[in-house]
2 protein chains.
Amino acid sequence: MVVEELSDEAVDRLFHALADATRRDILRRCGRDDLSVSRLAEAYPMSFAAVQKHVAVLERAGLVTKERRGREQLVHTDPEAVEKARRALDELAAAWLGRIGRMAALLEQAQEETEDP
Amino acid sequence: MVVEELSDEAVDRLFHALADATRRDILRRCGRDDLSVSRLAEAYPMSFAAVQKHVAVLERAGLVTKERRGREQLVHTDPEAVEKARRALDELAAAWLGRIGRMAALLEQAQEETEDP
DNA sequence: CTCTTCTACAACCATTTGGTTGTAGGTTAG
DNA sequence: CTAACCTACAACCAAATGGTTGTAGAAGAG
């Protein structure tokens, strides 16, 4: 897997897509099972078209892909997507917590005990 | 620090706040050094009031806090904020990547889960 | 005290977002 | 073939976003 640099716009789209409870729920559902858009739409108190738009936002952010299966379009969450988001967070953290030397270790080891001054 | 559960609205605010390049840059700058709002405003091609609004968004999301210092208001990023965002991502990942065994190992290795229900 | 600086906040405006309905095009079932 | 189903997309609307300017209040500097 290639470690692609994420542009500002890509990070914008990523976090924007994640900033909505319905879209996060779609990610969860389509992570467990690939679902068609209309199957998804049954789960939410909104129109089919609205769900279609949410899926489009997720797709533009690279969080899901669609695959034609007959007359249905199956949505499935990209397993690498979470890594992209995590990497974006890590880059931010590396920059903004640079003054706390401890963060370097935190990044390598991901997380450890977080309480000492 | 207690591991607080993040409400849907809190996660919304978190990711929404992160979905803007100017705000991410503010986080970086105020991670290296606490800066007053007007000092920050000098760095961006927009008005003081606009920067003030960005800081307010970050503050509502819990990513920064403001501390009065004389007539200035120093902004500094909350070192725990990145952990909150990371935890939100981890919870999402745990739910949506449950079917991919590989991810479980990654999560365990990346973050020692310190909860017992 | 007076002047300047820093901040807060209201009012306003253009654009985007999140929702709706409606229409049209493919694809499968009978 | 015809009917039913799934999807794509346009047009529209209310509300939120991201920006502006302007006014007013606190706090330091001189």
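The following paragraphs examine the structure supplied in this document. Because the structure is a prediction, the values reported are computed rather than measured.

The next point concerns the nonpolar core. In terms of nonpolar packing, the biggest core is built from 57 residues, with Phe15, Leu18 and Leu63 of chain A together with Phe15, Leu18, Leu40 and Leu63 of chain B touching the most fellow members. Each of domain 1 (8-77) and domain 2 (81-110) of chain B gives at least three residues to this core.

Among the 22 residues in the neighbourhood of DNA strand C, the closest are listed as Ser47, Lys53 and His54 of chain A together with Ser38 and Gln73 of chain B. In this structure, a base nitrogen belonging to DNA strand C sits 3.2 Å away from a side-chain N or O atom of Gln52 of chain B. In this structure, a phosphate oxygen belonging to DNA strand C sits 3.5 Å away from a side-chain N or O atom of Lys66 of chain B. Elements that contribute at least two residues to the surface near DNA strand C include exactly helix 4 (48-60) of chain A together with helix 3 (37-41), helix 4 (48-60), strand 2 (64-69) and strand 3 (72-77) of chain B.

Next up on the list: the sheet that holds strand 1 (residues 35-36) of chain B. Residues and elements named next belong to chain B. The strand order across the open sheet formed by three strands is 1-3-2, and the pairing between neighbours is antiparallel. Since the sheet does not close on itself, it has two edges, and those belong to strand 1 and strand 2, each with one partner. Here strand 1 pairs with strand 3 via two bridges, running antiparallel. Residue pairing across strands places Leu35 opposite Val75, the latter belonging to strand 3. Together, strand 1, strand 2 and strand 3 form the strand contacts of helix 2 (residues 21-32), whose direction differs from that of strand 3 by roughly 100°. On the sheet, helix 4 packs against strand 2 and strand 3 and is oriented at approximately 120° with respect to strand 2.

Moving on, we get to helix 4 of chain A. All names here are of chain A. The end-to-end C-alpha separation of helix 4 is 18 Å, in line with the 18 Å expected for 13 residues at 1.5 Å each. Turning to helix 4, its buried residues number three or more, namely Val51, His54, Val55, Val57 and Leu58. Summarising the axial view, the buried residues of helix 4 lie within an arc of 155°, below the 170-degree limit, and thus occupy one face. In helix 4, the exposed positions angled more than 90 degrees off the buried face are occupied by Lys53 and Arg60.

In the vicinity of DNA strand D, 22 residues are found, and the nearest of them are Ser38 and Gln73 of chain A together with Ser47, Lys53 and His54 of chain B. Here DNA strand D approaches the protein such that, of its atoms within 4 Å, sugar and phosphate make up 64%. Between DNA strand D and Lys66 of chain A, the relevant distance is 3.4 Å, taken from a phosphate oxygen to a side-chain nitrogen or oxygen of the residue. Residue Ser47 of chain B places a side-chain N or O atom 2.6 Å away from a phosphate oxygen belonging to DNA strand D.

Quick look at the packing of aromatic side chains now. Summed over all chains, the structure comprises one aromatic pair over all chains. Note on Phe15 of chain A and Phe15 of chain B: the rings are 5.9 Å apart at their centroids and 15° apart in plane angle, and the pair reads as stacked. With Phe15 of chain A in helix 1 (residues 8-18) and Phe15 of chain B in helix 1 (residues 8-18), the pair connects residues from two separate chains. Just as Phe15 of chain A is buried, Phe15 of chain B falls in that class too.

This brings us to the pattern of salt bridges. Under the counting rule described, the total for this entry stands at 16 salt bridges over all chains. Note that Arg24 of chain B is salt-bridged to Asp8 of chain A, the shortest N-O span being 3.9 Å. Here Arg24 of chain B is found in helix 2, whereas its partner Asp8 of chain A is found in helix 1 on a different chain. Of the charged contacts, one joins Arg86 of chain A and Asp90 of chain B as a salt bridge, the two residues approaching to 2.7 Å between their closest N and O atoms. On the criterion of chain membership, the pair formed by Arg86 of chain A in helix 5 (residues 81-96) and Asp90 of chain B in helix 5 (residues 81-96) is interchain, its members lying in two chains. As far as the burial class goes, Arg86 of chain A and Asp90 of chain B line up, both buried.

Criteria and cut-off values
- Each residue is numbered by its place in its chain's sequence as written, counting from 1.
- Following the order in which they are written, the chains are lettered starting with A and the ligands numbered starting with 1.
- Thresholds applied to this predicted model are a pLDDT of at least 70 for local features of residues and 80 or more for the giving and counting of side-chain atom pairs; totals over whole chains, interfaces and linings are not thresholded and use all residues.
- Side-chain numbers here rest on the full set of heavy atoms in the structure, without hydrogens or water.
- As used here, the term nonpolar core means buried Ala, Val, Leu, Ile, Met, Phe, Trp, Tyr and Cys residues forming a set that is joined through side-chain atoms within 4.5 Å.
- Summary of the burial criterion: residues with accessible area below 20% of their type's maximum are buried, those above 50% are exposed, and those between are partly exposed, where the area comes from a 1.4 Å probe applied to protein chains only.
- The source of the domain bounds is an automatic or database domain assignment.
- The nearness test applies per residue and asks whether one of its heavy atoms lies within 4 Å of the molecule or strand.
- Here a polar contact means two N or O atoms within 3.5 Å. Within protein one must be a hydrogen donor candidate and the other an acceptor candidate, and residues neighboring in sequence count only if both atoms are side-chain atoms.
- Strands are runs of DSSP state E lasting at least 2 residues, helices are runs of H or I lasting at least 4, and numbering of each runs from the N terminus.
- Two strands make a pair as long as DSSP finds a minimum of two bridges between them.
- Contacts are residue-level and defined by heavy atoms, with any inter-residue pair within 4.5 Å sufficient.
- Each axis is a line fitted through C-alpha atoms, and for a helix only the stretch in contact is used; angles between axes span 0 to 180 degrees, taken between their N-to-C directions.
- By definition here, a helix of n residues has an expected span of 1.5 Å times n minus one.
- The reported arc concerns the directions from the helix axis to the C-beta atoms and nothing else.
- Paired rings are identified among Phe, Tyr and Trp, the last through its six-membered ring, by centres lying within 6.5 Å, and are further divided according to the angle between planes into stacked (under 30 degrees), edge-to-face (over 60) and tilted (the rest).
- By convention in these notes, a salt bridge is any Lys or Arg side-chain nitrogen within 4 Å of a carboxyl oxygen on Asp or Glu.

Note that all results are geometric; they support no functional claim without further evidence.
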